[in-house]
Amino acid sequence: MTATSDLGTPRLASPELLRSVFRRHAAGVAVITARGAAGPVGFTATSLTSVSAEPPMISFGIGTGASSWPAISEAGHVGVHILGEHQQELAATFARSGADRFGPSTAWREGPEGVPLLDGVPAWLLGRVVSRVPAGDHRLVLAEVVLGDPAGAGRPLLYHQGRFTALRD
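Here the structure is a predicted model, which is why all the values come from computation and not from measurement.

Looking now at the overall build of the chain. Along the chain, the regular secondary structure elements total 3 helices and 12 strands. Computed over the C-alpha atoms, the radius of gyration of the chain is 17 Å, within 12% of the 15 Å expected from 2.2 N^0.38 for a compact globule of 169 residues. Along the longest, intermediate and shortest principal axes, the C-alpha atoms of the chain span 65 × 40 × 35 Å. Within the chain, contacts between residues at least 6 apart in sequence are counted, and of these 60% link residues at least 24 apart. Carbon and sulfur atoms make up 55% of the accessible area of the chain, which amounts to about 10,100 Å² in all.

Okay, here's the thing in structure tokens:
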């Protein structure tokens, strides 16, 4: 019996290989926020992961060259917002370099610990940062969940093939 493979031709590891593979991986979209010395900061993340149920803990990655990194590197608490399919523009705003992320088009309020909380999201969490783990050109941030709300309306926003999209039924 002969095995056949449709795996194609393997390529050596590189940043482009990793990006190419993960373009095929659909990921949920979140916005991470924190209070910074000069005001609120935030960024769009597709690396959000549930880490532990007891204690409730999440993680996300952030590049050390990101404009939000200086504030996240010192923040005691972060806001984690699960975006809905109706929030593609909000996701794009928080992903765009140089954008006025907390300008008039962004509905938000100051939450516990001074963390900016976005309005109108399907779900959000407030986490206490417990660790920042070096991981190449990124840091993996671990946060213990202290409170949140899963009761917002909307279906999840996804990121796939380099663009924001929605679930299909």
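Now that the structure has been shown, we can carry on.
Glancing now at the sheet that holds strand 11 (residues 157-160). The strand order 1-11-12 describes an open sheet built from 3 strands, whose pairing is antiparallel. For this open sheet the edge positions go to strand 1 (27-28) and strand 12 (163-166), each flanked by a neighbour on one side alone. The pairing of strand 11 with strand 12 spans 4 bridges and is classified as antiparallel. Bridge pairing in strand 12 links H160 to R163. On top of the sheet, helix 3 (residues 88-95) reaches strand 11 and strand 12; it is set at about 155 degrees to strand 12, its chief contact.

For the structure shown, the criterion picks out 4 aromatic pairs. Relative to F102, the ring of F94 lies with its centre 5.2 Å away and its plane at 90 degrees, an arrangement referred to as edge-to-face. Just as F94 is buried, F102 falls in that class too. Seen in terms of ring centroids, F102 and W108 are 5.1 Å apart; in terms of plane orientation they differ by 75 degrees. Their pairing is edge-to-face. Residue class for F102 comes out buried when judged on its relative accessible area of 13%. Taking the relative accessible area as the measure of exposure, W108 reaches 31% and is therefore partly exposed. One aromatic cluster is present, formed by F94, F102 and W108 through successive ring pairs.

Moving on, we get to the side chain of H81. Its location among the elements puts H81 in strand 6 (residues 77-82). In this structure the side chain of H81 is engaged in a polar contact, spanning 3.1 Å, whose partner is the backbone nitrogen of L118. In this view, H81 contacts V29, A30, V31, T33, P116, L117, L118, V121, A123 and W124; residues no more than four positions away in its chain are not counted.

On to a nonpolar patch on the surface. On the surface, L18, V21 and F22 cluster together to form a nonpolar patch covering roughly 310 Å² of accessible area. With respect to the helices and strands, the residue F22 is situated in helix 1 (residues 15-23).

All right, on to the sheet that holds strand 10 (residues 138-149) then. Strand order in the open sheet formed by 7 strands is 3-2-6-9-10-5-4, and the pairing between neighbours is antiparallel. Bordering the open sheet on either side are strand 3 (39-45) and strand 4 (49-53), each of which pairs with just one other strand. Strand-to-strand, the axes of this sheet are offset by a mean angle of 35 degrees, without reference to chain direction. Taken together, the 7 bridges between strand 2 (residues 30-36) and strand 3 define a ladder with antiparallel strand orientation.

We now examine helix 3. Within helix 3 the residues assigned to the buried category are L90, A91, A92, T93 and F94. Where helix 3 is buried, its residues contact strand 2, strand 3, strand 8 (116-118), strand 11 and strand 12.

Rules of the game
Residues numbered from 1 in each chain as written. Predicted model: local features only at pLDDT ≥ 70, side-chain atom pairs only at ≥ 80, totals over all residues. Heavy atoms only, no water. Helix = DSSP H or I, 4+ residues; strand = E, 2+ residues; numbered from the N terminus. Rg over C-alpha atoms; globule rule 2.2 N^0.38 Å. Contact = heavy atoms within 4.5 Å. Areas by Shrake-Rupley, 256 points an atom, 1.4 Å probe, with all protein chains shown as cover. Pairing = 2+ DSSP bridges. Axes fitted to C-alpha atoms, helices over the stretch in contact; angles between N-to-C directions. Phe/Tyr/Trp six-rings, centres within 6.5 Å; stacked < 30°, edge-to-face > 60°. Buried < 20%, exposed > 50% of the residue type's maximum accessible area, 1.4 Å probe, protein only. Polar contact = N/O pair within 3.5 Å; in protein donor to acceptor, adjacent residues only side chain to side chain. Patch = residues over 30% accessible without salt bridge, like charges linked within 9 Å, V, L, I, M, F, W, Y side chains within 5 Å. Salt bridge = Lys/Arg side-chain N within 4 Å of Asp/Glu carboxyl O.

By themselves, these are just geometric observations and shouldn't be taken as functional.
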